[in-house]
Amino acid sequence: MTCMKNGRKDSTYQNWRWQPRDCSFPKSLKRSNMAFYFGLIQVQSKVVAGQTQMKEAYQWESVICLVQSVIPPDMKSLSSTSRSLTVFKIENRSHRQRLKNSKHPLTLITVTIKIFKIKRLPCGKLHKLMCEMAVKDYNATIEFYWAPFLAESNSDAVSNRNGLSDRIIMPESISKHGDNRKSADYLIFNTYIWWMTSIYTKVFITKRFFNFMVELWKRRGGSFGEGPIEYDEVELPIAYERVLRTWAKWVEENVDPKHSSVCFSSMSPTHVRSLDWDNPDGIKCAIETKPILNKSKPLDQLFAFAVNVTRSMKVPVNFLNVTTPSEYRKHAHTSIYTAVEGKLLSPEQKSDPLKYADCLHWCLPGLPDTWNELLYTYIISRT
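The rules behind the values
Residues numbered from 1 in each chain as written. Predicted model: local features only at pLDDT ≥ 70, side-chain atom pairs only at ≥ 80, totals over all residues. Heavy atoms only, no water. Helix = DSSP H or I, 4+ residues; strand = E, 2+ residues; numbered from the N terminus. Buried < 20%, exposed > 50% of the residue type's maximum accessible area, 1.4 Å probe, protein only. Areas by Shrake-Rupley, 256 points an atom, 1.4 Å probe, with all protein chains shown as cover. Salt bridge = Lys/Arg side-chain N within 4 Å of Asp/Glu carboxyl O. Disulfide = S-S within 2.5 Å. pLDDT = per-residue confidence, 0-100. Contact = heavy atoms within 4.5 Å. Pairing = 2+ DSSP bridges. Axes fitted to C-alpha atoms, helices over the stretch in contact; angles between N-to-C directions. Phe/Tyr/Trp six-rings, centres within 6.5 Å; stacked < 30°, edge-to-face > 60°. Core = buried A, V, L, I, M, F, W, Y, C linked by side-chain atoms within 4.5 Å. Parallel < 35°, antiparallel > 145°, perpendicular 65-115°, else oblique. Nonpolar A, V, L, I, M, F, W, Y, C, P; charged D, E, K, R; others polar.

A. Representation of the overall build of the chain within the structure. When its secondary structure is counted, the chain shows twelve helices and 15 strands. The burial tally for the chain puts 52% of its 383 residues in the buried class. With an accessible surface of roughly 19100 Å², the chain has 54% of that area assigned to carbon and sulfur atoms.

B. Broad picture of the pattern of salt bridges. Here the structure, examined in full by the defined rule, presents six salt bridges. The shortest N-O distance in the salt bridge between Glu373 and Arg17 comes to 3.6 Å. On the basis of relative accessible area, Glu373 is assigned to the buried category, the value being 9%.

C. Highlighting the state of the cysteines. What the rule picks out here adds up to two disulfides. Disulfide pairing is shown between Cys3 and Cys363; the S-S distance is 2.0 Å. Residues Cys3 and Cys363 share a disulfide whose torsion about the S-S bond is about -90°; that sign makes it left-handed. Among the residues examined, Cys3 registers a relative accessible area of 0% and is labelled buried. Covalent S-S linkage joins Cys285 and Cys359, the inter-sulfur distance amounting to 2.2 Å. Because the torsion about its S-S bond is -95°, the bridge between Cys285 and Cys359 counts as left-handed. With a gap of 74 residues between them, Cys285 in the loop between β10 (261–265) and α8 (301–311) and Cys359 in strand β15 (residues 358–362) connect regions that are remote in the sequence. Owing to a relative accessible area of 3%, Cys285 belongs among the buried residues under this scheme. Cysteines bonded in the chain are numbered consecutively along the chain; their disulfide partners then correspond to 1-4, 2-3.

D. Examining the confidence of the model for the chain more closely. Overall, the predicted model of the chain reaches an average pLDDT of 75, with 69% of residues at or above 70. Scored below 50 in pLDDT, residues 49–56 makes 47 contacts in the model with residues more than four places away or belonging to other chains.

E. Broad picture of the sheet that holds strand β9 (residues 231–235). Read across the open sheet, the four strands follow the order β5-β6-β8-β9; overall the sheet is mixed. Only two strands of the sheet have a single neighbouring strand rather than two, namely β5 (152–153) and β9. With two bridges joining them, β5 and strand β6 (residues 168–170) adopt antiparallel strand pairing. Note that in β6 the partner of Ser153 across the bridge is Ile169. Against the sheet, helix α7 (residues 236–254) touches β6, β8 (200–204) and β9, its axis set at about 100° to β9.

F. Expanded view of the packing of aromatic side chains. Per the stated rule, a full pass over the model turns up twelve aromatic pairs. An angle of 90° between the planes, with centres 6.5 Å apart, marks the rings of Phe149 and Trp194 as edge-to-face. Of this pair, Phe149 sits in the loop between β4 (140–146) and β5 while Trp194 is found in the loop between β7 (186–190) and β8, placing the two residues 45 residues apart along the sequence. Comparing Phe149 with Trp194 shows no difference in burial state: the two are buried. Between Trp195 and Tyr240, the aromatic rings sit 5.1 Å apart at their centres with planes inclined by 75°, giving edge-to-face as the arrangement. Taken as a pair, Trp195 in the loop between β7 and β8 and Tyr240 in helix α7 lie far apart in primary sequence, 45 residues in all. Members of the aromatic cluster, connected to one another through ring pairs, are Trp60, Phe144, Trp146, Phe149, Trp194, Trp195 and Tyr240.

G. Fine view of the nonpolar core. Ranked by internal contacts, the top residues of the largest apolar core, which has 49 residues, are Trp247 and Phe264. Sorting the residues of this core by element identifies α2 (58–68), β3 (85–90), β4, β7, α7, β10 and α8 as the ones contributing at least two each. Looking at which element gives the most residues to this core, the answer is α7, with nine residues. Formed by ten residues, the second largest nonpolar core is a distinct cluster that contains Cys3, Tyr13, Leu345 and Cys359.

H. Representation of the packing of α2 against helix α12 (residues 367–381) within the structure. Direction vectors running N to C along α2 and α12 enclose 75°, while the axes themselves pass 9 Å from each other. Considering their axes alone, α2 and α12 lie roughly perpendicular with respect to each other. Contacts between α2 and α12 involve Tyr58, Gln59, Ser62, Val63 and Leu66 from the former and Pro368, Asp369, Trp371 and Asn372 from the latter. Of the residues that constitute the contact of α2 with α12, the class distribution is five nonpolar, three polar and one charged.

I. Spotlight on unusual backbone geometry. A cis amide bond links Leu364 with the next residue in sequence, Pro365, at an omega value of -5°. The backbone of Asp278 shows a phi angle near 60°, a positive value even though the residue is not glycine. As for its position among the elements, Asp278 is in the loop between β10 and α8. With a phi close to 65°, Ile287 is a non-glycine residue in the positive phi region.

As structure tokens, then:
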């Protein structure tokens, strides 16, 4: 969501960076150099799975914007040809020709999500040629797989991604999504915001009905179909932990740590109560231009569950804590510079921030770039 293009006047939210207490990010970690180093990493496939920090995949879009700027137009492509996977592909010309002539060409499954037009970003005169030369030596895909609950749910269907329908999950079923993730070199998982609609979560009630719905779902391409659905309402933390345990079991049984590195990205916070930062006159996050500098709030129970589950797994999982640095960034949301169903807010809607200010999603460029700086640092530390 390009807030400046959508009318936001202040740009200072783009200038804040996170500085770790006991270490530093690589000195060359700038927008252009980051793309250069991504080009040097020999990544064949990188899958960002789950809701990927918000339903429009902001973290994934941030990665694409950071990387694509140094790649010649004829060496990159963006495709969405299925319900759940969107692929940004980098390939050199000789590799593309080999695929064309091969009897077994590479097949990519791809999903329909809203993709914003990507602008070419400056790489810098000193690094531009080196960047393009480095990218030519490697072939990679950066993929976004839509699975907002990690486990299977009725929200996987394209028709239910507007967030308006009831959300019903299958906490112990993940194989349908998991089959698309096994071969990646880096797997980044995340699930949070789509849980935050109620203190209770709807889950299927009987094993027999569950199995029936799985088969029906497969036959109908991911839709639960019409007719009554039997479900139970479970407390949100209990359902969330059940899904994380299912996910952890799948990772342990299907991911080879010698081939794939696994990350779990923590929750992206919201800023809808101005009292949380001692501003009784504020209206949600609207018109905020500075971060919270002198106050933080305790992390929620779901964060603790994610930490405990990832620490207890047999397969090493890197826990990317994007929650703590993001809690301070009340000024970095799209606010009244958001879009609803592809349309910018009207002047009348902008004048009613209590109803229309979006304090869930983030401006780009902006905070999601910081999340990817953390991810980038982790990746190069392993090379």
